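Single-letter residue listing:
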Amino acid sequence: MTKATLTQFEKAVAELHTKKGINIHGRLYHTVAERVEALRQHMGLDVSIMTEILPHGDPDIVRMKATVAAGTTIIATGFAEENRNATTINKTSALENCE
């Protein structure tokens, strides 16, 4: 991955924020599919997104870690947590929402 490629990707992500997205609680949201499409357009298959469930003792909570890497170089990590009892959607889709 070159600096120019990364710069182009960053511009594409910034452009997503100027386009109409889905309004959720007053904030524009862009689907994972849109964001991954931008990643693939600029980075191709040289970048991987790996997710893992983080184990713990509460069955109502889902925790995940996402790692974005180019080859063996980690570009970014992120964490998410969803409560299965927080919303109607989370009752069936907490894992999907967390990932």
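This structure is a prediction, so every number in the text was calculated from the model and none was measured.

Caption draft 1: Layout of the sheet that holds strand β4 (residues 61-70). Strand order across the open sheet formed by 3 strands is β3-β4-β5, with antiparallel pairing between neighbours. Each of the sheet's edge strands pairs with one partner strand only, and the pair in question is β3 (47-53) and β5 (73-83). In this sheet, adjacent strand axes meet at a mean angle of 20° when their direction is disregarded. Pairing of β4 with β5 involves 10 bridges; the strand directions are antiparallel. Considered in β5, the bridge of Thr67 is made with Thr77. Packed onto the sheet, helix α3 (residues 88-98) meets β3, β4 and β5 and runs at close to 170° relative to β5.

Scoring rules and cut-offs
Residues numbered from 1 in each chain as written. Predicted model: local features only at pLDDT ≥ 70, side-chain atom pairs only at ≥ 80, totals over all residues. Heavy atoms only, no water. Pairing = 2+ DSSP bridges. Helix = DSSP H or I, 4+ residues; strand = E, 2+ residues; numbered from the N terminus. Axes fitted to C-alpha atoms, helices over the stretch in contact; angles between N-to-C directions. Contact = heavy atoms within 4.5 Å.

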